[in-house]
Amino acid sequence: MSSETRDTNASFSIDAISVPRAVALVGVLVLTWSYVSVLYYVTNVVGGSSQLLFVVVGSLALATLVGSFVSVRTALGVTAVLLVGGFTVYVFTLPQSQLELLTPARLLSDTVALLTGLSILRLTGAGVWAMAVAPGPVFLSWYLAVRRQYVWGVAVGGVALGLFVLTSDAGQLTTLVGVAGGTVTVAASTFERYGAGIAQLDVMSMVLAAMIVLAATISVVPGAEGSPLLPDRGSPTVEGSLVNSPDRLNIVGSIRLSPNVRFTVNSPQSSYWETAAYDRYTGDGWIRTGSTDPYNGRLRGPVGASQTVQQQVTAKGTISILPAAWKPVRIDGPLASEAEVTAQGNLRPTTSLREGESYRVTSEVPIYTTAQLRRSGTNYPDDIEAAYLQLPDSTSDRVRARAAAVTADADNPYDKAVAIEQTLEAEKRYSLSVPQPSGDIADSFLFEMDAGYCTYYATTMVVMLRSQGVPARFVTGYTPGQQVSENEYVVRGLDSHAWVEVYFEDVGWVRFDPTPSGPRQTAENARVAEARQNGEPNVDVDGSEETATPTPTPTTTTAANGTEDDTNNTPTPSDALEPSGSGVNATPPPGSVPGLGSSVTSAGGGLSGPDLPPQRTFALGLVALIGLVAGARRTGVTERAYRALWLRYQGTRRTPEDDTIRAYRRLEYVLERRYRPRRTGETPRAYLQSLSRVGLDADVARVGEAYERARYGDGVARETADDAIATVDRLVRETTPLLGRLSQR
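Residues numbered from 1 in each chain as written. Predicted model: local features only at pLDDT ≥ 70, side-chain atom pairs only at ≥ 80, totals over all residues. Heavy atoms only, no water.

The protein chain goes by DUF4129 domain-containing protein in an unreviewed UniProt entry, where it is assigned to Halogeometricum borinquense.

Asker: Which parts of the structure should I look at to understand the overall build of the protein chain?
Answerer: The secondary structure content of the protein chain amounts to 25 helices and 20 strands. Looking at the protein chain as a whole, 49% of its 745 residues qualify as buried. With the model as given, the accessible surface of the protein chain reaches about 33600 Å², and the carbon-plus-sulfur share is 55%. (Helix = DSSP H or I, 4+ residues; strand = E, 2+ residues; numbered from the N terminus. Buried < 20%, exposed > 50% of the residue type's maximum accessible area, 1.4 Å probe, protein only. Areas by Shrake-Rupley, 256 points an atom, 1.4 Å probe, with all protein chains shown as cover.)

Asker: Just to check I follow, could you spell out the pairing of strand E8 (residues 328-332) for this structure?
Answerer: A regular strand carries its side chains on alternate faces of the sheet. Buried residues dominate E8, accounting for four of its five residues. The sheet contact formed by E8 and strand E11 (residues 358-366) spans four bridges and is antiparallel. The residue bridging Asp332 from the neighbouring strand is Arg360, located in E11. (Pairing = 2+ DSSP bridges.)

Asker: I tried to follow the nonpolar core on my own but got confused; where do I start?
Answerer: The tendency in soluble globular proteins is for nonpolar side chains to be buried as a group. Residues Phe263, Tyr453, Leu465, Val502 and Phe512 are the most contacted members of the largest nonpolar core, which totals 83 residues. Two domains each put at least three residues into this core: domain 2 (258-369) and domain 3 (373-478 + 494-534). In this structure, Tyr453 is in contact with Val252, Gly253, Ile255, Tyr430, Ser431, Leu432 and Val434, ignoring residues within four places of it in sequence. (Core = buried A, V, L, I, M, F, W, Y, C linked by side-chain atoms within 4.5 Å. Domains from an automatic or database assignment. Contact = heavy atoms within 4.5 Å.)

Asker: I would appreciate a short explanation of the packing of aromatic side chains in the present structure.
Answerer: Each aromatic ring pair is described using two quantities: the centre-to-centre distance and the angle formed by the ring planes. Per the stated rule, a full pass over the model turns up 19 aromatic pairs. Here Tyr664 and Tyr707 contribute two aromatic rings whose centre-to-centre distance is 4.2 Å and whose plane-to-plane angle is 20°, an arrangement assigned as stacked. Of the two residues, Tyr664 is situated in helix H21 (residues 656-674) and Tyr707 in helix H23 (residues 698-712); the sequence distance between them amounts to 43 residues. In this pair, the class of Tyr664 matches that of Tyr707, namely buried. Through a chain of ring-to-ring contacts, the aromatic side chains of Tyr278, Tyr281, Trp286 and Phe474 assemble into a single cluster. Above the face of the Trp326 ring, Lys327 is positioned so that its terminal group lies 5.5 Å from the ring centre. (Phe/Tyr/Trp six-rings, centres within 6.5 Å; stacked < 30°, edge-to-face > 60°. Lys NZ or Arg CZ within 6 Å of the ring centre and 35° of its normal.)

The structure is reproduced here in structure tokens:
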């Protein structure tokens, strides 16, 4: 690059910024915002959002400062230093256990995983990774924009945004906003370079507005289609939103219950059949972090005493899960070679199980007493504290204050968990029909919602516990199901459930369930009865139809000596209900689903999707309005509409001369479109005289004479002006059939 070119490019004087250049710079900032917003979301979830903003602002300031004198080659070197330095910091902040796994093969596999849909939030140290990535592209793209290398600046920003599209962290709207910013920048730079008019932005504004509005208003129901667990169509089922073993779980609004049998379990005791555990809370859902490794033999059991329980699970339809009692330590059968182990200790298959396929899983179920849990200390392992005390920076103070108030009388983690569990059971009503909150789930459920279902209860309990320093996690799977013989349980889709696990020293993970069991079981019974009455398929297996009562939720903890401890952490259905008539957790009448109105059945028909939040609706409306205005301007609709109004209405009265002049111009507009326009150099009198041959009446000539006196003579009287206005109004009315054609000219 020559010194002359370099000097020209380096100019960044405010006075020299033209309109196209200003638009181009704004476009680069919009593109930068799109990918930085993804990183901000990540750091808000895991902590460090304020530091990220400092890093981004610092990168922009550095690029602005050095853009006037640093060469492109030097800027590329600075970018490389920022990236390498950031990743070095990230690597050295990883826990020792993760560093030991950081082999070249693992780095390659993790990179491929990121580029094929692995969310950044699943990374260990995601916040540090986000701050490591941010400075490089922010600095380089803005540096290039400062030097008027707009296309290259957009290319750098586009690569950064494209990475987050590949990791599935950039949403549809964020992606389109970034694309819009890049497109505006390229177009504006072209206008600046070749001198094209800014008016050509109309077409681009129309296209971009249409893209953003369409993308933002097309909704995808989570898990509604294409899932082996979801043969039913329509509104999402609780099963589809919970247990299809996704790495990211978004909490939805209204749901329905599926009565289809999924699998059977042969087990000497009932249990919750766990499928997945989630550690990272995002405010609107859950992320399962860490890697998934192939199953290669017996897994480690719980940290405390345990009881061996073997289960034989048989699929009764196509499923993509490996449910098991916590904690699974071994899987036998052909599926063992197809199984994976998550970082949280759950099993999952790499392929779907077909109907009739089965596997045997061995679990080491923790055994403990309530007294033992109360004695448990708070000296948690570092990895447990790092993963299971995390809360987003956006967690409100009122959530923390409410949790502190509920647990004020508890002096140990167990009593804190029980206090929160019982408070949620008592204060919230169970319902499957709820609007999806637009903000933080726990905050909305605690302070804005009267009712909810298992995901709301479990999420809120985990958040409240973590705010009080108690490690907890969100867990999904199935309740025991229907017991059809001494050791056999039939599990349906409606048995899918979410609950809470709390970590205790010398014991491990212990289950708590804040969802009221009575109303939930009533809703499930009603749905099964309805499905049987309607003759729906796959509702029963041999022996299940004769056993109408579902298996009760396990409610006792087992001591190390095998005796039952009757002070347990899960209330019985009768304990979970308030007295009749209180309205809290009240059992609904048979055949109904709690919280659903008469217009919505338990089958899920007729449920409407969640409305857009008001802020988003306003933003989309503004974008749509900009697109409509640009389209109207580009196609001439605004001009034609203005002309139609101008032609029909004289407007407010002014001076006689002004009114006469305006009346004549309206007249000439009608005549030029009905006959011909006035030629250059042709006077109004000559123009009207030339048209007299086509039969114009004397009134038209009189308007022309009045115009000449008003424009060039000594003026006109009010009566003359009013006569001219009345004459033109009459001619406009007489030519009304022509107005459609007139307005198109």
